[in-house]
Amino acid sequence: QVQLVESGGGLVQAGGSLRLSCAASGRTFYGMGWFRRAPGKEREFVADISDSGGSTSYADSVKGRFTISRDNAKNTVYLQMNSLKPEDTAVYYCAATKSLTLVVLTTQYDYWGQGTQVTVSS
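Values in this document were obtained by computation on a predicted structure and should not be read as measured data.

Caption draft 1: Just the pairing of strand 9 (residues 90–97), in detail. Summarising burial for strand 9: seven of the eight residues are buried, a large majority. Pairing of strand 4 (residues 31–37) with strand 9, which is carried by seven bridges, proceeds in the antiparallel orientation. Among the inter-strand pairings, R37 is bridged to a residue of strand 9, identified as V91. Relative to strand 11 (residues 116–121), strand 9 is paired through three bridges, and the arrangement is antiparallel. Paired with A90 across the two strands is V118, which belongs to strand 11. Sheet topology places strand 9 next to strand 10 (residues 111–112); two bridges connect them, and they run antiparallel. Counted as the bridge partner of A96 is Y111 from strand 10.

What follows is the structure, given as structure tokens:
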């Protein structure tokens, strides 16, 4: 069983930065991903990282601005978000997958955190 707890969300002005953290308990060597759900929209893929941290992928909308990383010694995954835009406003979710390859669909993830709110003001 894996439990995931996100933190680091908040209110920031456009152009600012935030770093989200996801602390995992239980078995930690899973692929990990970040998703987000904006008001009135479906949950969408943001970024994912392999269990070793050697492979990552990003949604086109965040490529070049967001960076996913992990520290397996601390059982923590991070999402560094720079150059934030109002359209990045959403609840951000951390997720874990048993898949051995990078995956981007919500249905491919087995465990989810409760989410953390990110609000970007213009």
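After that view of the structure, there is still more to cover.
Caption draft 2: Expanded view of the nonpolar core. By size, the foremost hydrophobic cluster in this structure holds 34 residues, and its most contacted members are L4, W34, L79, M81 and Y92. Sorting the residues of this core by element identifies strand 1 (2–7), strand 3 (18–26), strand 4, strand 5 (44–49), strand 7 (66–71), strand 8 (76–81), strand 9 and strand 11 as the ones contributing at least two each. For this core, the element with the highest residue contribution is strand 9, accounting for five residues. With sequence-adjacent residues up to four places away left out, Y92 is seen in contact with E6, L20, W34, F35, R36, V46, F66, L79, M81, G115, T116 and V118.

Caption draft 3: Looking closely at the environment of K41. Considering the arrangement of structural elements, one finds K41 in the loop between strand 4 and strand 5. Remark: the alpha-carbon pair of K41 and K63, spanning 22 residues in sequence, is separated by 20 Å.

Caption draft 4: Molecular detail of the state of the cysteines. Per the stated rule, a full pass over the model turns up one disulfide. Linked covalently through their sulfurs, C22 and C94 form a disulfide whose S-S length is 2.0 Å. An S-S torsion of about -75° defines the bridge between C22 and C94 as left-handed. Note that C22 is positioned in strand 3 and C94 in strand 9, a separation of 72 residues in sequence. Summarising the burial analysis for this pair, C22 and C94 share the class buried.

Parameters and conventions
Residues numbered from 1 in each chain as written. Predicted model: local features only at pLDDT ≥ 70, side-chain atom pairs only at ≥ 80, totals over all residues. Heavy atoms only, no water. Buried < 20%, exposed > 50% of the residue type's maximum accessible area, 1.4 Å probe, protein only. Helix = DSSP H or I, 4+ residues; strand = E, 2+ residues; numbered from the N terminus. Pairing = 2+ DSSP bridges. Core = buried A, V, L, I, M, F, W, Y, C linked by side-chain atoms within 4.5 Å. Contact = heavy atoms within 4.5 Å. Disulfide = S-S within 2.5 Å.

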